[in-house]
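Reading the structure
These are the residues of each chain, in order.
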Amino acid sequence: MRRLTPAVVPALLLAVQAMGQGLADIVLVVPFELDRFDARTGWLSEGTAVGVTDALFARGVAVVDRNARIAVLERLQLPPGAMLTRATLIKVAALVGATRAVFGEVSERDGEVTMTPRVLDVAAASLTDLAPVTTPATALLDAFERIAGTVVGPEVTTTPARRALPVTAFERYVRGLVASASPARERLLRQALEEAPTYSAAREALWDAQTTRGAHVAALATAGGVDGGSVPGGRTPRWRVRAASSLVQLRRYDEAFELLSSLTAPSTDALVPSFLGVIQIRRGGTPQSGRATYFFNQAADRAPASADACFNLGYAYWLDKDPLAAAYWLREAVRRNPADGDAHFVLAAALATTGAKAEADRERELARRLAERWETAAPGDLVPRGLERLPDPDGPSSAVLESAISADVDRDQRAQAAFHLGAARRAYEAGRDPEAIRELQRALYLTPYDADALLLLGRAQARSGLLQDAIGSLKIAVWSDESADAHLALGEAYLRAHDPAAALRAAERALVLEPNSAAAAELVARAKSAPGGA
């Protein structure tokens, strides 16, 4: 299970971007470049990034974790271990809200490892070369601490538990993270745990791997079972939530509910009520045990910027035959994630029930454009069961998400949206795409279906390499106010995403709207000549 799921990533990025210049110092560490690659030392590239990240975290530094880094690289269609150019590194850092990025080179000779770190100031695009650090491989973790101290200062010392970790356990953990095959990944992570049973990061990675593979019985055992078992930390709230997640996957709902109910009092995040709501949808809730809407309301209160929390609440109200409440919360869901096809479809059903037929038809059409499952949906089609979203125990914290919504309710929304759109245009024309995207997301929070803002957002995302995001934004732009320009931008994004058939459809529609468009005719020709084209 990837910690930042596709549904969660846009919300996290919106949260980071919406904080704008108010962000504190946040550090991103990326894999160091190897002087040569072989099977024996290849793990050091990722290992240096993981080790320095852990050392910074141990010092209390706000640092981007590996899962967030990989999620952003995937959005940019880059492999997890890709060596990044300075321009791409700035782009990745901006997307995760980092103010500084650490990278460099690593080499190994005769049992000694040399790391040469560099620090990039993202805003100034300036580099600082740090002194090389050479260490025996057996003291690698201490070397990571030295690098962390150079990056942020030596004020905070490392924790005793971290110093006690064997380097061989750390190596097996990293090898497990980068292993391409699931059996090898799980074998290496188990070996790391055998050597260091209290190594929580290795246990988390093993639980993730088993959950991704669908081995939920094994994942439950890794989490410590229902009672925590003999697993170090198995009785802590976070591990009990993971155990409950495995129980839900195994459809052992009563056990999961009982386990989670014991955590509701001390819990302050949205995870526990989100899981309880899913359980009540699947097994059936009562006023005595609590309806799904009761728990999802708690989740939405604790994570007000989470699109998934709003969707689950709206969907639960729909299942409870309360279309007005469903429509309210589903509108909030699509406000936070306009490309959520499922939310648009359920919203269409809720609106139709309240008599808002024209608006329902528009929402249903947008759902068809955004999600394949709704392409053949027609008015009157039933909303299926099973759309509720199971939360990710290792997803971003509600505290991060809560900072996403910064709209000033005392000011006119359209005037404020126009202000952000104007700022976005200036940033886009100056080539400052992250700033343009941030301003456009603020504008679209206030006016979600502004075709001009959506078109500009799609162009900025495409120019930044966020092709799937761009396609989603441009689809909504076309739906909001169809134009040849929007179809052309959509076609270009499809072509760059290696979908010439979709690019051709968009280009041909642009020609219908503007028969004399040379740009549309040229895009038609390129789409037809592209590999896989007509």
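Look a little higher up for the structure.
Report follows, based on the coordinates. (Residues numbered from 1 in each chain as written. Predicted model: local features only at pLDDT ≥ 70, side-chain atom pairs only at ≥ 80, totals over all residues. Heavy atoms only, no water.)

**Overview of the overall build of the protein chain**
Definition in use: Numbered from the N terminus, helices here are DSSP runs of H or I no shorter than four residues, and strands are runs of E no shorter than two. Relative accessibility under 20% of the residue-type maximum defines a buried residue, over 50% an exposed one, and the middle range a partly exposed one, all with a 1.4 Å probe and only protein chains included. The contact criterion used throughout is that any non-hydrogen atoms of two residues lie within 4.5 Å. Using a 1.4 Å probe, the Shrake-Rupley method yields the accessible areas, and only the shown protein chains count as cover for residues.
Secondary structure summary: the protein chain contains 26 helices and 7 strands in total. Counting across all 534 residues of the protein chain, residues that qualify as buried make up 55%. In the protein chain, of all internal contacts separated by at least 6 residues, the share reaching a separation of at least 24 is 59%. Only carbon and sulfur atoms are counted for the fraction: they give 53% of the accessible area of the protein chain, which is about 23,100 Å².

**A few points about the pairing of strand β7 (residues 133-136)**
Using the following cut-off: Whether two strands pair comes down to DSSP finding at least two bridges between them.
Side chains Val133 and Thr135 of β7 all project onto a buried face; the interleaved residues Thr134 and Pro136 project onto a face where none is buried. Bridge analysis of strand β5 (residues 112-121) against β7 gives 4 bridges, and the strand direction is antiparallel. When the bridges of β7 are listed, Val113 appears paired with Thr135.

**Quick notes on the packing of helix α11 (residues 237-249) against helix α12 (residues 253-261)**
What counts, and what does not: To get an axis, fit a line to the C-alpha atoms, keeping to the stretch in contact for a helix; angles then go from 0 to 180 degrees between the N-to-C directions. Any angle that is under 35 degrees is reported as roughly parallel, and any over 145 degrees as roughly antiparallel; angles of 65 to 115 degrees are reported as roughly perpendicular and all others as oblique. Each crossing is labelled by how the near helix is turned from the far one, with a counterclockwise turn of less than a right angle marking it left-handed and a clockwise turn marking it right-handed. Lys, Arg, Asp and Glu make up the charged group, whereas Ala, Val, Leu, Ile, Met, Phe, Trp, Tyr, Cys and Pro make up the nonpolar group; the residues left over, Gly among them, are polar.
One way to put it is that α11 packs onto α12 with a least axis distance of 8 Å and a crossing angle of 160 degrees. Here α11 lies roughly antiparallel to α12, going by the angle between them. Crossing of α11 over α12 shows left-handed handedness. Contacts between α11 and α12 involve Arg240, Val241, Ala243, Ala244, Leu247 and Val248 on the former and, on the latter, Tyr253, Glu255, Ala256, Leu259 and Leu260. Counted by class, the contact of α11 with α12 contains 9 nonpolar, no polar and 2 charged residues.

**Re the packing of helix α10 (residues 216-223) against α11**
At their nearest, the axes of α10 and α11 sit 9 Å apart, and the two run at 160 degrees to each other. When the interaxial angle is binned, α10 and α11 end up roughly antiparallel. When the axes of α10 and α11 are compared, the crossing they make is left-handed. Between α10, through His216, Ala219, Leu220, Thr222 and Ala223, and α11, the contact on the second element is made entirely by Trp239, Arg242, Ala243, Ser246, Leu247 and Gln249. By residue class, the composition of the contact of α10 with α11 is 6 nonpolar, 4 polar and 1 charged.

**Observations concerning the pattern of salt bridges**
A side chain of one charge can pair with a side chain of the opposite charge when the charged atoms of the two come close. Which entries qualify depends on this criterion: Within this document, salt bridges are pairs made up of a side-chain nitrogen of Lys or Arg and a carboxyl oxygen of Asp or Glu, the two lying within 4 Å of each other.
Going through the model one piece at a time under the given rule, you end up with 34 salt bridges. Where Arg509 meets Glu482, a salt bridge forms, and the shortest distance between an N and an O atom there is 2.7 Å. One end of the pair, Arg509, is in helix α25 (residues 500-513); the other, Glu482, is in the loop between α23 (467-480) and α24 (484-496), with 27 residues separating them in the sequence. Taken together, the shared-partner salt bridges connect Asp35, Arg36, Asp38 and Arg109 into one network.

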